[in-house]
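Breakdown of the fold
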Protein chains: 2
Amino acid sequence: MKLPIRLLAFVALLVTAVPVQAATVSSPDGRIVVTLDVTGEGVPYYSVMRDGKPVIDQSDLGFNFTDSPPMRRDFKIIGETTATADTRWEQPWGEKRFIRNNHKELAIALQQSDPGARRMTVRVRVFDDGVGFRYEFPDQASLKTANIAEELTEFAIAGDGTAWSIPAGDWNRYEYIYSKSPISALSTVNTPVTMHLADGPYLSFHEAALVDYSSMWLRRMRGTTLRAELAPSSRGAKVVRHGAFNTPWRTILITDSPKGLFESAMELNLNEPNKLGDVSWVHPQKFIGIWWDLHLNHWTWASGPDHGATTAHTKKYIDFAAKHGFGGVLVEGWNKGWDGTWFGNGRDFSFTEAYPDYDLKAVTDYARKKGVDIIGHDETGGNIANFEKQMDAAFAMDQKLGIEAVKTGYVADAGGLISCNADIYDPCKGEVYEWHDGQRSVQHHLAVALAAAKYHVAIDAHEPVKDTGLRRTYPNLVAREGARGAEYDAWGVPKNPPSHVPTLVFTRLLSGPMDYTPGVLSLAGRGNTPIPSTIARQLAYYVVIYSPLQMAADTIENLAKYPQELKFIEQVPVDWSDSIMLDGAIGEHAVIARKDRHSDAWYVGGVTDDKARTANLTLDFLDPNRSYTATIYRDGDGADGLGDQAAKHRIAIGTRTVRKGEKLAVPMARAGGFAISLAPTKR
Amino acid sequence: MKLPIRLLAFVALLVTAVPVQAATVSSPDGRIVVTLDVTGEGVPYYSVMRDGKPVIDQSDLGFNFTDSPPMRRDFKIIGETTATADTRWEQPWGEKRFIRNNHKELAIALQQSDPGARRMTVRVRVFDDGVGFRYEFPDQASLKTANIAEELTEFAIAGDGTAWSIPAGDWNRYEYIYSKSPISALSTVNTPVTMHLADGPYLSFHEAALVDYSSMWLRRMRGTTLRAELAPSSRGAKVVRHGAFNTPWRTILITDSPKGLFESAMELNLNEPNKLGDVSWVHPQKFIGIWWDLHLNHWTWASGPDHGATTAHTKKYIDFAAKHGFGGVLVEGWNKGWDGTWFGNGRDFSFTEAYPDYDLKAVTDYARKKGVDIIGHDETGGNIANFEKQMDAAFAMDQKLGIEAVKTGYVADAGGLISCNADIYDPCKGEVYEWHDGQRSVQHHLAVALAAAKYHVAIDAHEPVKDTGLRRTYPNLVAREGARGAEYDAWGVPKNPPSHVPTLVFTRLLSGPMDYTPGVLSLAGRGNTPIPSTIARQLAYYVVIYSPLQMAADTIENLAKYPQELKFIEQVPVDWSDSIMLDGAIGEHAVIARKDRHSDAWYVGGVTDDKARTANLTLDFLDPNRSYTATIYRDGDGADGLGDQAAKHRIAIGTRTVRKGEKLAVPMARAGGFAISLAPTKR
């Protein structure tokens, strides 16, 4: 019995417990059709068609438990409900101001014929650009506690194609160079994992609303069939939940083009609305920091003669920030705990006590006077037990000092994060090691967000759990690292190749903002090793990589050497009302246009891989009724991102007046890029 | 300080705790060289060269624990010892009577610079045909209990090539059709996994002496680098060991040819010698059984009008066995517990109580009178807790009734085996689910062997943990299934393809005997579906597939229809003094010759895949001083293993006199084969 409901609400109706047949639901435009059913043996499954062709073949659904029989077979469908939604909501900050949420929904209620007659619901929402589904467990006596050994969700991709992926099941979190391979050659991968089927469609697999559950890796079982593999736990059960609960949404973007992947808002739409209320205290901003000098080994995090985080250094950075309009100054190495061997244990970190040569009060007073914030830094060394003990006091202190945003870190050894227990709510029983993306870590990251919100502190988590769109529900989760960022250009072996950012755009960056920390205008890493990038490309990053917190990562001495380029960084916004992709091919190039949220200006950024190419832009996104001054920062003649330092710094900066519809051809050198500001001319 | 010791003993000398440099050890013939060392960061590693070329590049060694820091870095080598061995030992039964154990050994003692100063030893033994290494942990206060979260052993294969593998991490145990793929396209695989490097060598990865530890899967991490992944446990830690312990040997066969893989005895040589003493009560034999009719759905395991395991049916089988010289009759479905839903829980199985229509005493008395054994059947349904409660009583009963061998079974659902606890020695605390190849299961299978040995019962385990050569230490472990066997020819979708057995020979069968249950002479499965095999191929299986327990799997009515072919089965031995490979290519064809242990007869068997081919044999293994009557059972004119039933049954049977060195060209049809008995003519 189907009851379509439009607009705001969906209505759940329980149909009488008569076994029903296969149920289908399609996208609003009808192109995607999802079927939910059970096999002859009662194994629940789903499948996805698009334009009449299979995208996901029959894929099993189910669970193994550590202490109960599997919920895998002998199910009957005892009811189904449907709903539709077509709403619009506003982000307090983001890549877009208004987001349309248009989908159709189907939920099937399943009951197993085991003695416990266990039930679960599978709910699917189909958008024009993809599918999301999740499991919902009611409170039931026969499953008071779900000790999940494994989630058995399959993704039987209907044919082969190309995949862009990073491995999972290793320990170095998400910090890998992406691999490009046939889908049929994948092993175990993290999400987002993006694919281009030989048949045509572009897919990206991920999850939304990862709360109190373990992260989903994807393991290729056979052929082109992947299956969920949850990050393990020292406790045995990968997920432990009591009573009623929902799993995260398993998401599959399905689009005609890479542009479709980029522009999708499905992940955010599957997350719960804002629970924090007024978040006007979350301020998108740009910052500089005592950071690059640390990574170049000029300064140390630890105390000593080369200590980076000193009052004197910081005041210099505050002055520079004030002069050039940067909202914040990040200071790393300010706190006790860096001396000795913190790596792999993090036990000595204090998040309230500063080193003697860093006067926390003097520095924050000075910053406030200059109209600049200090951005806090809480590196945990993976010891989440230690951080949780101190975080309330630390965030309270931050609020008092005017520290509005904190960069957290979870640098850990192969063993993983150090925790007290599998369950954050239990008293500490001794150290256990947990995966940085297991349930315990996911609980921790949300606890941090809530503790920080209490004190109006925004969180930028490095070495985090993957982004799954929780920024909608907790808008103080402003950014994460969660991929190889610019620090690898300091000391990485190798440094990030030119295909890296053009791949991130279609993989990591689909999941949410990344604190990549661009802007190393000197284009040189540790020991003067060359960074494969032109200087114009560094400017492009501010448009191509979305983050409400963007760093100009280089030292202030280096930034000062490039005043023209720095000017672009000073001007480029970090909060947008719209974002569109003008052109792009995964791992090859990307050209993105964004509209400033606080003015009528547009910005365009483009990057290319190790091939020089010309970006052919049509400025059809501009207002029709006005002209714009385009300031174009592009690779100059003889520029070469893989050449010597001189070649990498060749930039051509020019202006011209443009109007809607005009075409621009912007050449990009190898490992190059461009950035364009489009300011409306005075009427 | 190296001290080479020849012959029987190896001597361990502890060198004073001065850090030493990289250590190497080579095979007796010098072709293989293994290096053991630590990196600059103190990460222990090994690498393998052969003929001066890399086979395994630098591969890390180490462990993660659930409750301790990793043992992965900051190690120093504090001592090394070497040894050599060149001995010969005799198997009580087997594919070969005498086995040569010729290897060189190196052990490095490692100490970590962590506060606990934890130690471990890595011991490697290098044979002319491969490498085995294991970790050894001493009793140490800083690691009283090793709660292993993961073993981090890498296998950085030096280049790409072809791999033949079955997946791991799924639930259907080892019952898969093998995949042939590039090494660089592997995902997670079980062992043995066999490879042919583009560079030339043949490799096979496995383990030896899997005792009180979890099985090792191999997960491809990147490129052609695999890493150990231990089968999980509901308890969290995949392995829990107290005090001093050794891991299983991780083994890498490295040979010039597939023949070298087949003829290697490295796995047995790495196992401990026989601990059971006199095992003359273990009798290799052939058997028939109430089995195929069950898989064809003619009879039922459960009670009812079509119950298979009745006194009347069994007496018929006993008569047939006696008439045709079969030592045993297997009877499945004899015991209470098959009614209702045993699948996925196995709770109701009794291993001592028979159904009312099966008079256990009458049947075993009748069998004894006829000179035939009943082969017991203990299907656990995966409920190892239930079996462990009853097994002592069951084996005691078996001994009393003259049941000398028992086929056990572990058919389980996706959730795995049902156990009481993670540790067999703890009191039962409630049901938990364990992997069929995790530590708990490994403990269980050894406990079964020991319990059975007490009562002089041999064990043939189906749906078992993989064979790792423990038959040397416990020679009542006569056979296992552990791959797709002939039952899939009854109802498998698809049935075993013609490439299956030619692949098993170089993968599964490298690990030990397989109870494949050949001899379905009717060549038809359920509903008369055609089995892709000629009848001569069925005879070849008795030589190509080694097992001390071989079944003639068809119904006695069907066996009786093919008296000439049955004659071969009646004659073929199941215990050998020597086994050699005459020809073979992985997945394509295999020709094997074996010498009867109890006479001077030789037997040759050959199989091919879906391509017809001629086996060109040179009988250079025969004694030079005598002639032999060769009885050749080969595919006849017009035979076709993929044709209709008539074509499949076309066989040519002939005899000729042959002598050492003669050549025979034996044609094989598609999905065909041949078998030859070579009986010395009277002098």
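Please read these numbers as outputs of a predicted model, since none were measured by experiment.

Reading guide: rules and limits
Residues numbered from 1 in each chain as written. Chains lettered and ligands numbered in written order. Predicted model: local features only at pLDDT ≥ 70, side-chain atom pairs only at ≥ 80, totals over all residues. Heavy atoms only, no water. Helix = DSSP H or I, 4+ residues; strand = E, 2+ residues; numbered from the N terminus. Rg over C-alpha atoms; globule rule 2.2 N^0.38 Å. Buried < 20%, exposed > 50% of the residue type's maximum accessible area, 1.4 Å probe, protein only. Contact = heavy atoms within 4.5 Å. Phe/Tyr/Trp six-rings, centres within 6.5 Å; stacked < 30°, edge-to-face > 60°. Lys NZ or Arg CZ within 6 Å of the ring centre and 35° of its normal. pLDDT = per-residue confidence, 0-100. Least-squares fit on C-alpha atoms with pLDDT ≥ 70 in both. Buried area = accessible area lost by both parts, 1.4 Å probe. Salt bridge = Lys/Arg side-chain N within 4 Å of Asp/Glu carboxyl O. UniProt positions renumbered as here; feature names shortened; annotations may be inferred. Domains from an automatic or database assignment. Polar contact = N/O pair within 3.5 Å; in protein donor to acceptor, adjacent residues only side chain to side chain. Nonpolar A, V, L, I, M, F, W, Y, C, P; charged D, E, K, R; others polar. Arc of directions from axis to C-beta. Pairing = 2+ DSSP bridges. Axes fitted to C-alpha atoms, helices over the stretch in contact; angles between N-to-C directions. Parallel < 35°, antiparallel > 145°, perpendicular 65-115°, else oblique.

1. Focus: the overall build of chain A
- In terms of regular secondary structure, chain A is built from 13 helices and 38 strands.
- Taken against the 2.2 N^0.38 rule, which gives 26 Å for 683 residues, the C-alpha radius of gyration of chain A at 25 Å falls within 12% of a compact globule.
- Each principal axis of the C-alpha atoms in chain A carries an extent, and together these give about 75 × 60 × 45 Å.
- In chain A, which comprises 683 residues, the share counted as buried stands at 67%.
- For chain A, restricting intrachain contacts to residue pairs at least 6 apart in sequence, the fraction spanning at least 24 positions comes to 71%.

2. Some points on the packing of aromatic side chains
Residue and element names in this part refer to chain A.
- Taken as a whole, this structure holds 50 aromatic pairs over all chains when the rule is applied.
- A ring pair is formed by Tyr488 and Trp491, whose centres lie 4.8 Å apart and whose planes are at 50°; its orientation type is tilted. One end of the pair, Tyr488, and the other, Trp491, are both in helix 8 (residues 487-491), three residues apart, so they sit about a helical turn from each other.
- By relative accessible area, which is 29% here, Trp491 ends up partly exposed.
- One aromatic cluster in this structure is built from Trp301, Trp338, Trp342, Phe343, Phe349, Phe351, Phe387 and Phe395.
- The ring of Phe98 is capped by Arg88, whose NZ or CZ atom sits 3.8 Å from the centre of that ring.

3. Here we look at the confidence of the model for chain A
Residue and element names in this part refer to chain A.
- Put simply, chain A has an average pLDDT of 94, and 95% of its residues get 70 or more.
- Low pLDDT, under 50, characterises residues 1-19; the predicted model gives this stretch 34 contacts beyond four residues in sequence or across chains.
- Two numbers describe this predicted complex: its pTM, 0.94, and its ipTM, 0.92.

4. Re the relation of the copies chain B and chain A
- Superposition record for chain B on chain A: RMSD 0.1 Å, screw rotation 180°, translation along axis 0.0 Å. Those values place the two copies in the arrangement expected of a two-fold rotation axis. Taking C-alpha positions as the reference, the residue of chain B nearest the rotation axis is Gly236 of chain B, at 1.6 Å.
- Most of the interface of chain B is mirrored in chain A, where 97% of its interface residues again form contacts.

5. Regarding the interface of chain B and chain A
- Across the contact, 38 residues belong to chain B and 38 residues belong to chain A.
- Where chain B abuts chain A, roughly 2800 Å² becomes buried across the two surfaces, and 44% of that area is made up of carbon and sulfur atoms.
- Taken as a group, Ser187, Arg219 and Tyr433 of chain B account for 18% of the area that chain B buries against chain A, more than any other trio of residues on that side.
- Joining chain B to chain A, the criterion identifies eight salt bridges.
- Linking Arg219 of chain A and Glu229 of chain B is a salt bridge whose minimum nitrogen-to-oxygen distance equals 2.9 Å.

6. Section: the pattern of salt bridges
- According to the stated counting rule, one finds 87 salt bridges over all chains in the structure shown.
- For Glu150 of chain A, the salt bridge is made with Lys238 of chain A, and the minimal N-O distance between the two is 2.9 Å. Linking Glu150 of chain A in strand 10 (residues 145-151) with Lys238 of chain A in the loop between strand 18 (225-230) and strand 19 (239-242), this pair joins segments that are 88 residues apart in sequence.
- Here Lys238 of chain A falls in the buried class, since its relative accessible area comes to 9%.
- One salt bridge in this structure joins Asp610 of chain B and Lys611 of chain B, with 3.6 Å as the shortest N-O distance.
- By relative accessible area, which is 41% here, Asp610 of chain B ends up partly exposed.
- Bridged by salt links that share partners, the residues Glu105, Arg123, Arg125, Arg134 and Glu136 of chain A form one connected network.

7. Section: the UniProt feature "domain: Glycosyl-hydrolase 97 C-terminal oligomerisation" (unreviewed entry) in chain A
- As annotated in UniProt, the feature "domain: Glycosyl-hydrolase 97 C-terminal oligomerisation" (unreviewed entry) corresponds to residues 575-678 of chain A in the numbering used here.
- Along residues 575-678 of chain A the backbone is 4% helical and 59% strand, and the end-to-end C-alpha distance reaches 16 Å.

8. Comments concerning the domain arrangement of chain A
Residues and elements named next belong to chain A.
- The domain architecture assigned to chain A consists of domain 1 (24-269), domain 2 (277-482) and domain 3 (490-683).
- In this complex, domain 2 contributes 29 residues to the contact, which on the side of domain 3 involves 36 residues.
- Across the interface of domain 2 and domain 3, roughly 2900 Å² is buried in total on both sides, 63% from carbon and sulfur atoms.
- In this assembly, domain 2 and domain 3 are joined by zero salt bridges.
- On the surface where domain 2 and domain 3 come into contact, there are 16 residue pairs in polar contact (both at pLDDT 80 or more).
- A per-element tally of the side of domain 2 that touches domain 3 places strand 22 (residues 285-290) first, with five residues.
- Here the side of domain 2 that touches domain 3 is built from residues that sort into twelve nonpolar, nine polar and eight charged.

9. Thoughts on the environment of Pro667 of chain A
Residue and element names in this part refer to chain A.
- Within the fold, Pro667 resides in strand 37 (residues 663-668).
- Residue Pro667 is classed as partly exposed on the basis of its relative accessible area of 33%.
- As for Pro667 and Arg613, which are separated by 54 residues in sequence, their C-alpha atoms are 6.0 Å apart.
- With near-sequence residues (within four places) excluded, Pro667 lies in contact with Arg613, Thr614, Arg634 and Asp635.

10. Some words on helix 12 (residues 563-571) of chain B
Residues and elements named next belong to chain B.
- All of the buried residues along helix 12 are Glu565, Leu566, Phe568 and Ile569. For helix 12, the arc enclosing every buried residue in end-on projection is 150°, short of the 170-degree limit, so these residues lie on one face. Of the exposed residues in helix 12, the ones pointing more than 90 degrees away from its buried face are Pro563 and Gln564.

11. Thoughts on the sheet that holds strand 22 (residues 285-290) of chain B
All names here are of chain B.
- Spatially, seven strands are ordered 29-28-25-24-23-22-30 in an open sheet, and the strand pairing comes out parallel. Two strands bound the open sheet, and with one partner strand each, they are strand 29 (477-480) and strand 30 (549-551). Mean inter-strand twist for the sheet, computed between neighbouring axes without regard to direction, equals 30°.
- Sheet topology note: the strand 22/strand 30 ladder contains three bridges and is parallel. For Gln285, the partnering residue across the bridge sits in strand 30 and is Leu549.

12. Section: the sheet that holds strand 10 of chain A
Residues and elements named next belong to chain A.
- Within the open sheet, the three strands sit side by side as 5-10-19. Their pairing is antiparallel. Edge strands, defined here as strands with exactly one partner in the open sheet, are strand 5 (63-65) and strand 19. Here the strands of the sheet are splayed against their neighbours by 45° on average, with no regard to which way each runs.
- With four bridges joining them, strand 10 and strand 19 adopt antiparallel strand pairing. Counted as the bridge partner of Ile148 is Val239 from strand 19.

13. Observations regarding the packing of helix 10 (residues 535-544) of chain A against helix 12 (residues 563-571) of chain A
Residues and elements named next belong to chain A.
- Running from N to C, helix 10 and helix 12 cross one another at 5°; their axes reach a closest spacing of 10 Å. On the basis of their axis angle, the class for helix 10 and helix 12 is roughly parallel. Taking contact as the criterion, the partners of Ile535, Leu539, Tyr542 and Val543 in helix 10 are, on helix 12, Glu565, Phe568 and Ile569.
- Here the residues of the contact of helix 10 with helix 12 sort into six nonpolar, no polar and one charged.

14. So, unusual backbone geometry
- A cis amide bond, omega 0°, links Val493 of chain A with the succeeding residue Pro494 of chain A.
- Its place among the elements puts Pro494 of chain A in the loop between helix 8 and helix 9 (500-504).
- The phi angle at Glu463 of chain A is positive, at roughly 50°, despite the residue not being glycine.
- Tracing the backbone shows Glu463 of chain A in the loop between strand 28 (458-461) and strand 29 (477-480).
- Given the relative accessible area of 7%, Glu463 of chain A is considered buried.
- Backbone geometry at Leu523 of chain B places phi at a positive 55°, although glycine is not the residue there.
- By the element assignment, Leu523 of chain B lies in the loop between helix 9 (500-504) and helix 10 (535-544).

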